Amino acid sequence: MLNISKNFIKGICFCIFFSGFLYAPVFALEDQAGSVIKEFNADAPDVLARYQEIADKYKNDGQNEIVLKNGIVFHPYDYEITHGVLSLMFKGERAAPKEFETAFVLPLLEVETINKAKVDPVEANFGMATFYLGEKKDFNIAIGYLEKTLALDPGYQLALIDLGSAYNHVGRFADSLRMGQKAVERYPDNKKLWFNLAVAYMKEGQFSQAEESYGKAIAIDPDFGEVYMNLGVLYLDQGRTQEAKIAFAAAKKRLAGKGNEQRLEMVEQILADIENDENVSRGLEKAAAGQPKQKPGCC
């Protein structure tokens, strides 16, 4: 057996793929606005006061009309919707070099209408899910929003990926299997759906199905380094050390230079442990072969 803890080996099978889109627009806004305000806690006691303060300050800023569900109305100079997030841009009295004085970022789920048009509840719920996945790391609340998203749009691929990952993260592998099997039927060319399904199979002890699902992901993307990591873990669990060694070597090759330093270090450590284990085994075999055979009746 390798000189490495079982928990360490099994821990790397959670190469979870969340979409992580929530703050994508914020980074761009920081280059455009003097200040960026992010508000995602609608239940905070003073949140309405903060909303109203911004609405009053910029009530004549632009022709757009954003009506929240709480009745507050904004008139931003411009706005942008990205993956369930609404960014309001206010000119105010801001001078160059930045175009806007203030940008206000809030969940689309809190918005009733944008220029008289109703907000898409699918994007709104998905936006809240990505917030709880990426910012809060509260997977159970995120699961609720993802399930609402898919109830509204069963074919939303990003939500299917994130829900499978979230189920796996909290140990709901049966739910991940149930959903994942249907998801890969709908989208057989989505490598991340196959990956999430394989993780669930693996955690449920269905190793042949896990190996087959990892193979599907590799067929779609032969350079999917994290798949080879998990295959290595799968093989080690079954005592298939040489196959594990090949899989981890493939993972190392594909993860190098891709910004996955932590995973790369894990793979390198496991490969070193495999090599060390093999050296020890060879040494023991040589030592045993070099011992003289005992004669019959010898003590």
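Here, every reference points to the structure presented above.
What you are looking at is a predicted structure, and each value in this text was computed from that prediction instead of being measured.

So, how was this worked out
Residues numbered from 1 in each chain as written. Predicted model: local features only at pLDDT ≥ 70, side-chain atom pairs only at ≥ 80, totals over all residues. Heavy atoms only, no water. Axes fitted to C-alpha atoms, helices over the stretch in contact; angles between N-to-C directions. Helix = DSSP H or I, 4+ residues; strand = E, 2+ residues; numbered from the N terminus. Left-handed = near helix turned anticlockwise from the far one by under 90°. Contact = heavy atoms within 4.5 Å. Nonpolar A, V, L, I, M, F, W, Y, C, P; charged D, E, K, R; others polar. Polar contact = N/O pair within 3.5 Å; in protein donor to acceptor, adjacent residues only side chain to side chain. Salt bridge = Lys/Arg side-chain N within 4 Å of Asp/Glu carboxyl O. Buried < 20%, exposed > 50% of the residue type's maximum accessible area, 1.4 Å probe, protein only. Pairing = 2+ DSSP bridges. Expected span 1.5 Å × (residues − 1).

Chemist: Help me out: how do you make sense of the packing of helix H7 (residues 173-186) against helix H8 (residues 191-203) in this one?
Modeler: For any two helices packed against each other, the geometry comes down to the angle between their axes and how far apart the axes lie. Two elements in contact, H7 and H8, have axes whose closest approach is 9 Å; the angle formed by their N-to-C orientations is 145°. Remark: the crossing between H7 and H8 carries left-handed chirality. Taking contact as the criterion, the partners of Phe173, Ser176, Leu177, Gly180, Gln181, Ala183 and Val184 in H7 are, on H8, Leu193, Trp194, Asn196, Leu197, Ala200, Tyr201 and Lys203. Here the contact of H7 with H8 is composed, by residue class, of 9 nonpolar, 4 polar and 1 charged.

Chemist: Honestly, the environment of Glu211 in this entry has me stumped. Any pointers?
Modeler: Here Glu211 is to be found in helix H9 (residues 207-220). Considering only alpha carbons, one finds Glu211 and Tyr201, 10 residues apart in sequence, at a separation of 8.7 Å. In this structure Glu211 touches Leu231, Leu234, Tyr235 and Arg240, once residues within four positions along its chain are discounted. Side chain to side chain, Glu211 and Arg240 meet in a polar contact 3.3 Å long.

Chemist: Looking at this structure, I do not really get the pattern of salt bridges. What am I missing?
Modeler: Side chains carrying opposite charge are able to pair once their charged atoms draw close together. All told, the structure shown has 14 salt bridges when counted by the stated rule. In this structure, the salt-bridge partner of Arg178 is Asp175, at a minimum N-O distance of 3.5 Å. One end of the pair, Arg178, and the other, Asp175, are both in helix H7, 3 residues apart, so they sit about a helical turn from each other. Across the pair Glu211 and Arg240 runs a salt bridge whose closest N-O atoms are separated by 3.3 Å. Highlighted residues: Glu211 in helix H9 and Arg240 in the loop between helix H10 (225-237) and helix H11 (241-255), separated in sequence by 29 residues. On the accessibility criterion, Arg240 (22% relative accessible area) is partly exposed. Residues joined in a network through salt bridges with shared partners are Glu147, Arg172, Asp175 and Arg178.

Chemist: Honestly, the sheet that holds strand E2 (residues 66-68) in this entry has me stumped. Any pointers?
Modeler: Strand pairing in a sheet is mediated by backbone hydrogen bonds. Such pairs are either parallel or antiparallel. Here 4 strands make up an open sheet; going across it, the order is E3-E2-E7-E8 and the pairing antiparallel. Each of the sheet's edge strands pairs with one partner strand only, and the pair in question is strand E3 (73-74) and strand E8 (117-118). Sheet analysis places strand E7 (residues 111-114) next to E8, joined by 2 bridges and oriented antiparallel. Bridged to Ile114 within E8 is Ala117.

Chemist: In this structure, what is going on with the environment of Lys191? I would like to understand it.
Modeler: Position of Lys191 relative to the elements: it lies in helix H8. Judged by relative accessible area, Lys191 falls into the partly exposed class, the value being 26%. Here the alpha-carbon distance between Lys191 and Gly215, two residues 24 residues apart in the chain, equals 9.8 Å. With near-sequence residues (within four places) excluded, Lys191 lies in contact with Ala217, Ile220, Asp221 and Phe224. Polar contacts involving the side chain of Lys191 include one to the side chain of Asp221, which spans 2.6 Å.

Chemist: Would you mind showing me how to read the pairing of E7 here?
Modeler: Regular strands place side chains that alternate from one sheet face to the opposite one. Pairing between E2 and E7: 3 bridges, direction antiparallel. Opposite Ile66, over in E7, you have Ile114 as the bridge partner. Between E7 and the antiparallel strand that follows it, E8, lie 2 residues; Asn115 among them carries a positive phi value of about 50°.

Chemist: Would you mind going over the sheet that holds strand E5 (residues 85-90) with me for this structure?
Modeler: Across the sheet, 4 strands lie side by side as E1-E6-E5-E4; this open sheet has mixed pairing. Each having just a single partner strand, strand E1 (33-38) and strand E4 (78-82) make up the two edges of the open sheet. Taking each pair of neighbouring strands and ignoring which way they run, the sheet shows an average axis angle of 20°. With 5 bridges joining them, E1 and strand E6 (residues 100-107) adopt parallel strand pairing. Bridge pairing in E6 links Val36 to Ala103.

Chemist: I tried to follow H10 on my own but got confused; where do I start?
Modeler: Taking 1.5 Å of rise per residue, the 13 residues of H10 would be expected to cover 18 Å, and the 19 Å separating its terminal C-alpha atoms lies within 8% of that figure. Counting buried residues in H10 gives 12 out of 13 residues, a clear majority hidden from the surface. For H10, every residue scored as buried is listed here: Gly225, Glu226, Val227, Tyr228, Met229, Asn230, Leu231, Gly232, Val233, Leu234, Tyr235 and Leu236.

Chemist: I keep staring at the side chain of Asn190 and nothing clicks. Help me out?
Modeler: Assignment of secondary structure puts Asn190 in the loop between H7 and H8. Residue classification places Asn190 among the buried positions, given a relative accessible area of 12%. Looking at Asn190, its side chain comes within polar contact range of the main-chain nitrogen of Leu193, at 3.1 Å. Aside from chain neighbours lying at most four places away, what touches Asn190 is Gln157, Ile161 and Ile220.

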